[in-house]
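Residue strings, one per chain:
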Amino acid sequence: MRRTPSPSPTAAAAAILLSSGAGLLLPPALGALPPGYEDEMWCAPGECALYVEYPDGMAGPASMFNKCHDASTGVTTDGVWTGSLAETVPPDG
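Since the structure is predicted, the reported quantities are computational estimates derived from the model, not experimental observations. Here, residues in each chain are numbered from 1, in the same order as that chain's written sequence. Owing to the predicted nature of the model, reporting of local features is limited to residues with pLDDT of at least 70; listing and counting of side-chain atom pairs is limited to 80 or more, with chain, interface and lining totals taken over all residues. The side-chain figures draw on all heavy atoms in the structure; neither hydrogens nor water molecules are used.

**Focus on the side chain of lysine 67**
Each helix is a run of H or I in the DSSP string that is no shorter than four residues. Each strand is a run of E no shorter than two, and both are numbered from the N terminus. Structurally, the position occupied by lysine 67 is in strand E3 (residues 66–70). Given a relative accessible area of 18%, lysine 67 falls into the buried group. A polar atom in the side chain of lysine 67 sits 2.7 Å from the side chain of aspartate 78. In this analysis, two residues are considered to be in contact whenever any of their non-hydrogen atoms come within 4.5 Å of each other. Setting aside its immediate chain neighbours within four residues, lysine 67 contacts Met41, Cys48, Ala49, Leu50, Val52, Thr76, Thr77 and Asp78. Exposed residues in this analysis have more than 50% of their type's maximum accessible area, buried residues have under 20%, and partly exposed residues fall in between, with area computed by a 1.4 Å probe over protein chains only. By the criterion applied in these results, polar contacts are pairs of N or O atoms within 3.5 Å in which, for protein atoms, one can donate a hydrogen and the other can accept it, and in which residues neighboring in sequence qualify only through two side-chain atoms.

Structural data, given as structure tokens:
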């Protein structure tokens, strides 16, 4: 007879959350892109890079945690991401 391994505590907790309907409150999973697609972030002239903090345990692509911020207007926008495998061209400036 073959023994079935027991699920890890994390998998068991996730199964309980999902079966109880609490999974509806969880954000969608965001996967990180492989190296070469989000290597450098470019902001418009006059903007600076801003690191966005999320609760511990949050994972995702670099663009989720890094934005461009214009201190004179208070507006935060997405940066332009380039990398050795991406076809995105960095902006002038």
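**As for the pairing of E3**
DSSP bridges decide pairing: two strands pair if at least two such bridges lie between them. In terms of strand pairing, strand E2 (residues 48–51) meets E3 through four bridges, oriented antiparallel. Of the residues in E3, the one forming a bridge with leucine 50 is lysine 67. Inspection of the sheet shows E3 paired to strand E4 (residues 75–77) by three bridges, in the antiparallel sense. Each bridged residue has a counterpart across the sheet, and for aspartate 70 the counterpart in E4 is valine 75. What sits between E3 and E4 in their antiparallel hairpin is a turn of four residues, with glycine 74 showing a positive phi close to 80 degrees.

**Observations regarding the state of the cysteines**
By convention in this document, the label disulfide applies to cysteine sulfur atom pairs within 2.5 Å. Under the counting rule described, the total for this entry stands at one disulfide. A sulfur-sulfur separation of 2.0 Å characterises the disulfide bridge that pairs cysteine 43 with cysteine 68. Between cysteine 43 and cysteine 68 the sulfur-sulfur dihedral comes to about -85 degrees; the bridge is accordingly left-handed. Separated by 25 residues along the polypeptide, cysteine 43 in the loop between strand E1 (40–42) and E2 and cysteine 68 in strand E3 bring together distant segments of the chain. Cysteine 43 sits in the partly exposed class, given a relative accessible area of 24%. Judged by its relative accessible area of 1%, cysteine 68 falls in the buried class. Sulfur of cysteine 48: no disulfide; nearest cysteine sulfur belongs to cysteine 43 and is 7.3 Å away. Among the residues examined, cysteine 48 registers a relative accessible area of 40% and is labelled partly exposed.

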